[in-house]
Amino acid sequence: MFGAGGGTSSYEEIEHTDVVLLWGSNARNAHPIFFHHLLKGVHNGARLYVVDPRRTESAAWADGWLGLDVGSDVALSHTMAREIIAAGLHNETFVRRATSGFDEYRAHVEPFTLEEGERITGVPAAMIREAAHAFAKADRAMICWTLGITEHHNGVDNVLSLINLGLLCGHVGRYGSGLNPLRGQNNVQGGGDMGAIPNKLSGFQDIESDHEARGRFEAAWDTTIRPTHGWHLTQMFHAMETGELRTLYVIGENPAQSEADINRTRRLLADLDFMVVQDLFLTRTAELADVVLPGSASWCETEGTVTNSERRVQRVRKALDPPGDARDDMWILAEIARRLGHDWGHPTSEQVWDELRSLSPMHAGMRYDRLEALGGIQWPCPDEHHPGSPILHERLWLDPVEGMLAPFSPTVDQRPFEALDDTYPIRLTTGRRLESYNTGAQTGRYSSPLHRGESLDLSPEDATSLGVVDGEVVRVSSRRGAVEAPVRVDEALRAGLAFMTFHFPDEVDVNQLTIDATDPRSGTAEFKACAIRVDRINVLAATGD
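Residues numbered from 1 in each chain as written. Predicted model: local features only at pLDDT ≥ 70, side-chain atom pairs only at ≥ 80, totals over all residues. Heavy atoms only, no water.

1. Describing the overall build of the protein
Here is step 1: A tally of regular secondary structure across the protein gives 20 helices and 21 strands.
Here is step 2: Dimensions of the protein along its principal axes, counting C-alpha atoms only, are 65 × 65 × 45 Å.
Here is step 3: Partitioning the contacts of the protein with sequence separation of at least 6, the portion at a separation of at least 24 is 69%.
Here is step 4: If you sum the accessible surface of the protein, you get close to 23,900 Å²; carbon and sulfur atoms cover 52% of it. (Helix = DSSP H or I, 4+ residues; strand = E, 2+ residues; numbered from the N terminus. Contact = heavy atoms within 4.5 Å. Areas by Shrake-Rupley, 256 points an atom, 1.4 Å probe, with all protein chains shown as cover.)

Now the structure itself:
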């Protein structure tokens, strides 16, 4: 990896690029605002290649669909890279001047010929070649990805493989060329930027190795910060299992419905000594809590900021008071601190933001009035005269390059953790729909003409072989649990692939099926790949199973 955890480009640039690889993302449904910018690019002549096991709504707009087998992303990236190098299409000047480790990387991908790539991924060799050549020959090109890349037991390697492609062709650090993870909601980026990750202080300053930054925080907060990384979510649940973690404070999260292998999750949450939940609604997690604190809706009941996928910090303005006994989340936290012996007073959101600016160099120039006047500012913005940074890593095009070279990262091709077999022969992958979000705690509470409840989406071939029809309720089983769901026959699916969402857990608790195999570096579970079987209920009843 190189740089910080954010997309390198701006939304506006995708309207003027030449080629887009949309990889592991049904942005038409999951990121509709971004997709409007992407459609402008398509209408302006950009060629779009969608890499996804399903022929999604996004793929309907594509010049080419690379329908790979679930979990073969590294192999596909290696095959494209090998073809680009073999055809002499890589950016030799950029690679030589701005990167490191190319010779090792070239040797690593050499076995991945087009024929081998087709065998592993299921994507026709001709389509792999077309996408690889289009990406390499383009003057401007972007790779955009989301959970279809990261929600695997090797998600970090998946991301690194896409970064390798960008470096290989010099498609980073220039207008219209970049590497862009799309965030799943309006402030996922901002949460990480503020330090809501276990190894970083605000502004991606490492809590272990950045002694100067840690000293600034200690001086500002008048306390000592332990120079050790904390636990990510997966490690927290492991610590619950071993007895190391016995108390939990959950803010705006619903793990009792959102985590993989949900039966294990609920057992561990219920076994805690004490749990506090602070949320908008009495979620399934809140029902397990010892104390529930009613918080505020950040998009309309508080003042503050959010940071989107293009690193743009924008103001949020309060329009309504929280209802009933609900309180602003900052007020709740300040009151808890006071009762614990630390009187913070009740600072305004601007005062909290100004403290953040004093501690995070990449936010230093983002005064509230500047955010208002400029319609948001993209980090890094190191001083109050800086306009912000629409593009990251322009330094890679300087001669000589400023700072570290961008490293190639040879990654290992791995299959999904859970293999298919005669008992569980169908691959289940999961995702989102346009009108719904995650566990439905918010979106499930209103009516919509787009709501149609949960279903098990099957290919026509699988529906025929199983003897099931549209609307028939079947039992779906994995090695962890079973649910019942109506069948929906979907021609966008290939034989052997099924699809479900998490949006209606009170109807169909899909996470009883998913597996908690996790990436050891990111801690993200493999929501995109588990093995299932499908049985007709009337047949089960007749056999007594």
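That shown, we press on.
2. Quick notes on the nonpolar core
Here is step 1: In terms of nonpolar packing, the biggest core is built from 47 residues, with Trp-23, Met-80 and Leu-168 touching the most fellow members.
Here is step 2: For this core, the elements supplying multiple residues, two or more each, are strand S1 (19-23), strand S2 (47-51), helix H3 (73-86), helix H4 (92-98), helix H5 (102-109), helix H7 (125-137), strand S5 (141-145) and helix H9 (155-169).
Here is step 3: For Met-80, the contacting residues outside a window of four places in its chain are Leu-21, Trp-23, Ile-128, Ala-131, Ala-132 and Leu-165.
Here is step 4: Of all hydrophobic cores here, the second largest spans 25 residues; its members include Val-468, Val-474, Val-487 and Met-500. (Core = buried A, V, L, I, M, F, W, Y, C linked by side-chain atoms within 4.5 Å. Buried < 20%, exposed > 50% of the residue type's maximum accessible area, 1.4 Å probe, protein only.)

3. What to know about the pairing of strand S19 (residues 482-489)
Here is step 1: Sheet topology places strand S17 (residues 456-458) next to S19; 3 bridges connect them, and they run parallel. Bridge pairing in S19 places Leu-458 opposite Val-489.
Here is step 2: Bridge count for strand S18 (residues 473-477) against S19 is 5 bridges, and the pairing is antiparallel. From the neighbouring strand, Arg-475 faces S19, where its bridge partner is Glu-484. (Pairing = 2+ DSSP bridges.)

4. Quick notes on the environment of Ile-207
Here is step 1: For Ile-207, the position within the fold is in the loop between strand S8 (205-206) and helix H11 (211-221).
Here is step 2: C-alpha separation for the pair Ile-207 and Gly-230, spaced 23 residues apart in sequence, amounts to 9.4 Å.
Here is step 3: Not counting residues up to four positions away in its chain, the partners in contact with Ile-207 are Asn-199, Lys-200, Leu-201, Arg-214, Ile-225, Arg-226, Pro-227, Thr-228 and His-229.

5. Some details on the side chain of Asp-279
Here is step 1: Looking at the element boundaries, Asp-279 is found in strand S10 (residues 274-279).
Here is step 2: Since its relative accessible area comes to 13%, Asp-279 is described here as buried.
Here is step 3: For Asp-279, the residues in contact, after removing those within four places along its chain, are Gly-252, Glu-253, Leu-293, Pro-294 and Gly-295.

6. What to know about the packing of aromatic side chains
Here is step 1: The final tally for this structure, using the stated rule, is 7 aromatic pairs.
Here is step 2: Where Tyr-105 meets Phe-408, the ring centres are 4.8 Å apart and the plane angle is 20°; that geometry is what we call stacked. Here Tyr-105, found in helix H5, pairs with Phe-408, found in the loop between strand S15 (406-407) and strand S16 (426-431); they are 303 residues apart in sequence, far enough to count as distant.
Here is step 3: Using a relative accessible area of 0% as the deciding quantity, one classes Tyr-105 as buried. (Phe/Tyr/Trp six-rings, centres within 6.5 Å; stacked < 30°, edge-to-face > 60°.)

7. Examining a nonpolar patch on the surface
Here is step 1: Taken together, Tyr-249, Ile-251, Leu-333 and Trp-344 make up a surface patch of nonpolar side chains, about 400 Å² in accessible area.
Here is step 2: Counting through the fold element by element, Tyr-249 comes out in strand S9 (residues 247-251).
Here is step 3: Here Tyr-249 falls in the partly exposed class, since its relative accessible area comes to 34%. (Patch = residues over 30% accessible without salt bridge, like charges linked within 9 Å, V, L, I, M, F, W, Y side chains within 5 Å. Salt bridge = Lys/Arg side-chain N within 4 Å of Asp/Glu carboxyl O.)

8. Quick notes on the packing of H11 against helix H17 (residues 349-359)
Here is step 1: Where H11 meets H17, the axes come as close as 10 Å, and the angle between the chain directions of the two elements is 145°. Facing H11, whose interface residues are Arg-216, Phe-217, Ala-220 and Trp-221, H17 presents Glu-355, Ser-358 and Leu-359.
Here is step 2: Split by residue class, the contact of H11 with H17 holds 4 nonpolar, 1 polar and 2 charged. (Axes fitted to C-alpha atoms, helices over the stretch in contact; angles between N-to-C directions. Nonpolar A, V, L, I, M, F, W, Y, C, P; charged D, E, K, R; others polar.)

9. A few points about the sheet that holds S2
Here is step 1: One open sheet holds the 5 strands; their spatial order is S3-S2-S1-S5-S6, and the pairing between them is parallel. Both outer strands of the open sheet, strand S3 (64-66) and strand S6 (178-181), are each paired with one neighbouring strand and no more. Each neighbouring strand pair of the sheet contributes to a mean axis angle of 15°, computed without reference to strand direction.
Here is step 2: Pairing of S1 with S5, which is carried by 5 bridges, proceeds in the parallel orientation.

10. Observations regarding the environment of Ala-81
Here is step 1: Position of Ala-81 relative to the elements: it lies in helix H3.
Here is step 2: Here Ala-81 falls in the buried class, since its relative accessible area comes to 0%.
Here is step 3: Here Ala-81 is in contact with Tyr-105, Leu-165 and Leu-168, once residues within four sequence places are set aside.

11. Considerations on the side chain of Asp-457
Here is step 1: Positionally, Asp-457 belongs in strand S17.
Here is step 2: Within the local environment of Asp-457, its side chain forms a polar contact with the side chain of Arg-488, the two groups lying 3.1 Å apart.
Here is step 3: Sequence-distant contacts of Asp-457, defined by excluding residues within four places in its chain, comprise Arg-452, Arg-488, Asp-490, Leu-493, Leu-497, Ala-498 and Phe-499. (Polar contact = N/O pair within 3.5 Å; in protein donor to acceptor, adjacent residues only side chain to side chain.)

12. Remarks on the state of the cysteines
Here is step 1: Counting across every chain of the model gives 0 disulfides.
Here is step 2: Of all cysteine sulfurs in the structure, the one in Cys-169 sits closest to Cys-144, which takes part in no disulfide; the separation is 15 Å. (Disulfide = S-S within 2.5 Å.)

13. Focus on the domain arrangement of the protein
Many descriptions give the size of an interface as the accessible area lost when the pieces come together.
Here is step 1: On domain assignment, one finds that the protein holds domain 1 (11-181), domain 2 (188-378) and domain 3 (426-540).
Here is step 2: For domain 1 and domain 2, the distance between their C-alpha centroids amounts to 34 Å. (Domains from an automatic or database assignment.)

14. Observations regarding the sheet that holds strand S13 (residues 312-316)
Here is step 1: The 3 strands lie next to each other as S12-S13-S14, forming an open sheet whose pairing is antiparallel. One side of each edge strand has no neighbouring strand; the edge strands of this open sheet are strand S12 (304-307) and strand S14 (377-378).
Here is step 2: Pairing geometry for S13 and S14, over 2 bridges, is antiparallel. In the sheet register, Val-313 faces S14, and the bridge partner there is Ile-377.

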